[in-house]
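Okay, here's what each chain looks like letter by letter:
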Amino acid sequence: MGKRVTLFIAMLFAITSLAHAQDIVVKGVIKDQQNQTLPGASVLVKGSQTGTVTDVDGNYSISIPNTQAVLVFSFIGYGSQEVVVGNQTAINVTMTADQRSLDEVIVIGYGTQKRGDVTTSIASVNTKDIEERPILQAAQALQGKAAGVQVTQPSGKPGAALSIRVRGATSVQAGNEPLYVIDGVPTMDTRDLNVNDIESIQVLKDASSAAIYGARASNGVVIITTKRGKANQSQVSFGAYYGFSNMAKKIDVLNPQQYVALMNEMGNNVTVGNETTDWNKEVFTTGHNQNYQLSFSGGTDKSKYFVSGAISKDDGIIKPASYKRYAFRANLDNQIKSWFKLTTNFSYANARIRDVKDNNNAGRNAVVLGTLGAPPTMGIYSEHPVRGTIFSTNPLKAGWDNPLAAMFGPSQATKDNRIFGNVVGDITLAKGLFVRSNFGIDYMNHSNDYYLDPYRTTEGWGTDGNTHGLGNATRSNSFTYLWENTLNYEKSVDKHNFSALAGTTVQKNNWNNSYMAGRDFPADGIVKTINAANEITDAYTEQSEWFLNSYLGRLMYNFDSKYLVTANFRADGSSKLAKGNQWGFFPSVSAGWRISAEPFMQDVKFINDLKLRGGWGQNGNQEGLANYASKGLNRYTRRTATTPPSGPAVTGPEYAPNPDLKWETTTQTNIGVDVSMLQGKITLTADAYLKKTNDLLLNVPLPNTSGYSYIPRNSGKLENKGLEFVLSTVNFDKSDFQWNTDFNIAFNRNKITDLQLSKVYRYADVEGRSDQIIILQEGASLGTFYGYISDGVNPETGDIMYRDVNNDGAFTPQDRTILGSAQPKFTYGMNNTLTYKSFNLSFLFQGSHGNKAFNASRLETEGMYDSKNQSTEVLRRWQKPGDITDIPRATDGNVNNSLISSRFVENASFLRLKSATISYNLDREWANKIKLSRASVYVTAQNLLTFTKYKGFDPEVNAFTSSGATLGIDYGTYPVSRAFVVGLNVQF
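S.K.: Would you explain the environment of Thr-529 in this entry?
M.R.: Within the element layout of this structure, Thr-529 appears in the loop between β27 (496-519) and β28 (535-559). Distance in space between the C-alpha atoms of Thr-529 and Ala-473 is 7.7 Å, their sequence separation being 56 residues. Here the side chain of Thr-529 touches Asn-531 through a polar contact of 2.3 Å, side chain to side chain.

S.K.: Would you take a moment to explain the pairing of strand β1 (residues 24-31) for this structure?
M.R.: Every other side chain in a regular strand lies on the same face of the sheet, so the side chains alternate between the two faces. Looking at chain direction, β1 and strand β4 (residues 59-64) are connected through 6 bridges and run antiparallel. Counterpart to Val-26 in the pairing with β4 is Ile-62. Note: β1 against strand β7 (residues 93-94), 2 bridges, orientation parallel. What sits directly across from Lys-31, in β7, is Thr-94.

S.K.: What should I look at first to understand the packing of aromatic side chains in this one?
M.R.: How two aromatic rings sit relative to each other is given by the distance of their centres and the angle of their planes. Tallied over the entire structure, the rule returns 27 aromatic pairs. Site record: aromatic cluster; members linked through ring pairs are Phe-747, Phe-826 and Tyr-828. It is Lys-576 that lies over the ring of Trp-546; its NZ or CZ is 5.5 Å from the centre. Just above the ring of Phe-910 sits the side chain of Arg-912; from NZ or CZ to the centre is 5.2 Å.

S.K.: Help me understand the confidence of the model for the chain in this model?
M.R.: Low-confidence regions, as indicated by low pLDDT, have predicted coordinates that should not be scrutinised in detail. Summarising the model, the chain shows a mean pLDDT of 89, and 94% of its residues fall at 70 or more. When pLDDT is averaged over each element of the chain, strand β49 (residues 905-907) comes out on top at 97 and helix α1 (residues 2-16) at the bottom at 41. Confidence drops under pLDDT 50 across residues 1-21; counting only partners more than four residues distant or on other chains, this segment forms 18 contacts.

S.K.: It is not clear to me how the nonpolar core should be interpreted in this structure. Could you clarify?
M.R.: The nonpolar side chains of a soluble globular protein tend to be buried, and buried together. Grouped together as the largest cluster of nonpolar side chains are 57 residues, with contacts concentrated most on Ile-318, Ile-773, Leu-776, Phe-785 and Phe-854. Looking at this core, the elements with two or more residues in it are α4 (279-283), α5 (367-373), α6 (403-408), β36 (697-701), β39 (737-755), β40 (760-765) and β41 (772-777). Excluding anything up to four places from it in sequence, Phe-854 contacts Ile-773, Phe-785, Leu-859, Ile-900, Ser-901, Phe-904, Val-905, Gly-968, Ile-969 and Asp-970. Listed in part, the 26 residues of the second largest apolar core include Val-166, Tyr-180, Val-185 and Ile-224.

S.K.: It is not clear to me how the pattern of salt bridges should be interpreted in this structure. Could you clarify?
M.R.: Oppositely charged side chains can form a pair if their charged atoms are brought close together. Under the criterion given, the structure shown has 38 salt bridges. Measuring nitrogen to oxygen at the nearest pair gives 2.7 Å for the salt bridge that ties Arg-436 to Asp-426. With a gap of 10 residues between them, Arg-436 in strand β25 (residues 433-452) and Asp-426 in strand β24 (residues 410-430) connect regions that are remote in the sequence. The exposure class of Arg-436 is partly exposed, given its relative accessible area of 34%. Under the relative-accessibility criterion, Asp-426 is labelled buried at 4%.

S.K.: Hey, could you run me through helix α3 (residues 256-265) in this one?
M.R.: Within α3, the full set of buried residues consists of Pro-256, Tyr-259, Val-260, Leu-262 and Met-263. For α3, the buried positions fall inside an angular range of 165° around the axis, keeping them on one side. Where α3 starts, the residue carrying a side-chain oxygen 3.2 Å from the main-chain nitrogen of Gln-257 turns out to be Asn-255. Following α3 by one or two positions, Gly-267 adopts a phi angle in the positive range, close to 95°.

So, how was this worked out
- Each chain carries its own residue numbering, running from 1 in the written order of its sequence.
- Confidence filtering applies because this is a predicted model: local features only for residues at pLDDT of at least 70, side-chain atom pairs given and counted only at 80 or more, and all residues used for totals across whole chains, interfaces and linings.
- The basis for every side-chain value is the complete set of non-hydrogen atoms in the structure, without hydrogens or water.
- Each helix corresponds to a stretch of at least 4 residues labelled H or I by DSSP, and each strand to a stretch of at least 2 residues labelled E; elements are numbered beginning at the N terminus.
- A 3.5 Å cut-off defines polar contacts: any pair of N or O atoms within that distance qualifies, except that in protein one atom must be a possible hydrogen donor and the other a possible acceptor, and neighbouring residues in sequence count only when both atoms are side-chain atoms.
- The pairing criterion is simple: DSSP has to find at least two bridges between the two strands.
- Between the rings of Phe, Tyr and Trp (Trp by its six-membered ring), a pair exists once the centres lie within 6.5 Å; its type follows the angle of the planes, with under 30 degrees stacked, over 60 edge-to-face, and the other angles tilted.
- Only lysine NZ and arginine CZ atoms are considered, and such an atom sits over a ring when it is within 6 Å of the ring centre and within 35 degrees of the ring normal.
- Predictor confidence is given residue by residue as pLDDT, running from a minimum of 0 to a maximum of 100.
- Any pair of residues with heavy atoms lying within 4.5 Å of one another is described as a contacting pair.
- Definition used in this section: a nonpolar core is a set of buried Ala, Val, Leu, Ile, Met, Phe, Trp, Tyr and Cys residues joined via side-chain atoms within 4.5 Å.
- When a residue's accessible area, from a 1.4 Å probe over protein chains only, is under 20% of the maximum for its type it is buried; when over 50% it is exposed; and in between it is partly exposed.
- Any carboxyl oxygen of Asp or Glu within 4 Å of a side-chain nitrogen of Lys or Arg constitutes a salt bridge here.
- This arc corresponds to the set of directions leading from the helix axis out to the C-beta atoms.

See the structure below:
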């Protein structure tokens, strides 16, 4: 490895010593056919990385190496033009409108390509509306915008990560999130990225487009490019918004009188006292979100810059949950020589998160179900003979605190500091031949401090009164470096165009973590950090690392943009696997045929472009493998009084080592067609795909006699197949009024085709229940619910009638069966943009159809088996023989009427008005008078309307995200809120 590094550095020094001719400066102006200047048009020296863009008046200036250079002029929506410089020092260009987007340059893996020449399935997401929506995460910009890209917000908690599935889930134990590549640096987490810095987003959906990323690409790749400065176009931009959020939907619970009637019916002697509380009003409040963004950009042909800073804050609808982030970015481009360009991308983010507990029941002091289940007959505070004034507890259930104790009893603070970026050197060796070296880092420092007040919570006080507060502290550091070196060659001979790429990349991660927990804190409650604990109850440190070494290559050929072929290959070697299985090989090939360029299509005037494409490829899953998955590692714990002096206590591994463990491999075939009609006013993209995942990673249970709980192994196969359609139309296009529509819809079918050894796996435990909700078995999809079938309430007994599925005449666990799936039959989105003079209206609809959800919250709110309050649904409960209803009788201490069954499986299809924005852009002449180049104000509503039959807070939930199998379960999940925002954007 050292020799290769030394050789490469020597090569760089040798290259930089080459002599180059004196640069020539060419200037000019670019206009359209109406003689209007085109700001932001691209000017590129063909076969090199040298380029610039026009300023606000359409002017450009660029340095070229010699008079034989060719300048390529391009602008979105216009045909590109090539001009040989010769002796000219001033070149003015008039751009001609072309079919929509064909010459737009998009970012692909390790390079760029004209959209018209793409042979794979790539979704480009319009990011123009980002600055007019309250978006904190990059994933939110994808919602409803790309066919086959399902983005869900499983929790409304501030700072909570979103979940993305590209063409369905491909794994159970391994990850299902896509790989993100930000300015050439791969990562799995974009929450620290300031979305206002994003210039473009491309989603590589099929294997032939993503195979260049090999072992990390089975779940798709999201390529994010951030903004850069533009030559001769200095700008100062400021944006700010402020908004508030509230509950989009309320679940009504019993009032004091109704609760007392229910409790007495269950045999408890309860009365309405002097104090009553509406816990919904006490807990669910108005949230606030705000963002302030300032950026500077500009430069010359030689040096360009983009510098930004932002402050974002989101206070949730359940206090004290909050998320606050400070973000800074500096992107620099330096054309040091005509043959050498140095690019720097640097970002720093500081995030602070306050959490509240959810996704559990009231007995575990989780706030959402604690709120719905708190008796309305108790007050907020009560008096304790020793502790003084405390948050009240459930009088019928010892140790069950009210929800305010769950909110304000813990003091917790999570802080993350992240440095992310890279330095890229581009060297032109000869015409069409250049080398790129990319060195990137991703450093994360994480800390979390937790303290549970003994005077506010029962758990903090302890059952014996001797706990005196609980606390813990976590500290971790993660450092990843990336070094990539690629050689790219481009050559055009007449109508033949060639491109070749070869390279190598190494990536290494080091991670360490320390944890300490303690109890018995000082009574004054002033010092709440772990150093004040009188007794340390647990402590450990961890450290791990992984290394990935890769080789990659790509060949692209097209003849006159009519016949197109691309082939990729990548080999990945991972330290996570044992010798003999460390290397994975991931090839792909794709081809395209521009039918519209054939002579027999010349008379078909209404079709401007028609392209047929197809591709095949293989990808792997690196993220799902534990760092030492193929080895069984011991755990060493700290020395205690009972540990012998010979050394620390040793705990054996929970799982059996498996040296035969290898990659999950996903093979995908894709066929697609792209059509542009009526001068680009109608464009249609359609794709059909088949994805098959082999060597599925599963934790297979082992018998107790083995000494291990399970063994991780490759033990199954999974399939996704589907159709996708994207339709974009220009509905109306006049000087004063324009109306555009973008619609997408995707159909996906997910199925487990093979399971070895253990033929059935169960997931998703609900506290206090012996049965699990999710089943994994051949022929079923991921996210399949399993339980009893409820045939309603017996009018004579008031009990649920469970179906005798196996017809053996008895009700037994063998009567459990499949109850439905969280997989949607199709997902869709539609965005409309209407512009009238200076006013703009845009609204985005997002939807999902055919998916079920298991409303585990109703086990708590309609169970009627203990002292928790219930939803108003139980007012329809059975109370006497002959009652006809779907709500069973109350049964104190008996959960038989609320077993895991079809009673709690609901239709979770929905149509949501995800966002609606109306904005006003100040007339340019008026803006110039007050020294502004642009000014706009806007009002945005988010999650404004949701049409669904789902009874819970939100149909787009998932309480359990640790496994790809556990989908669509609502168990007191933090609700997604509705937000209203007012904002301002100005440019100087």
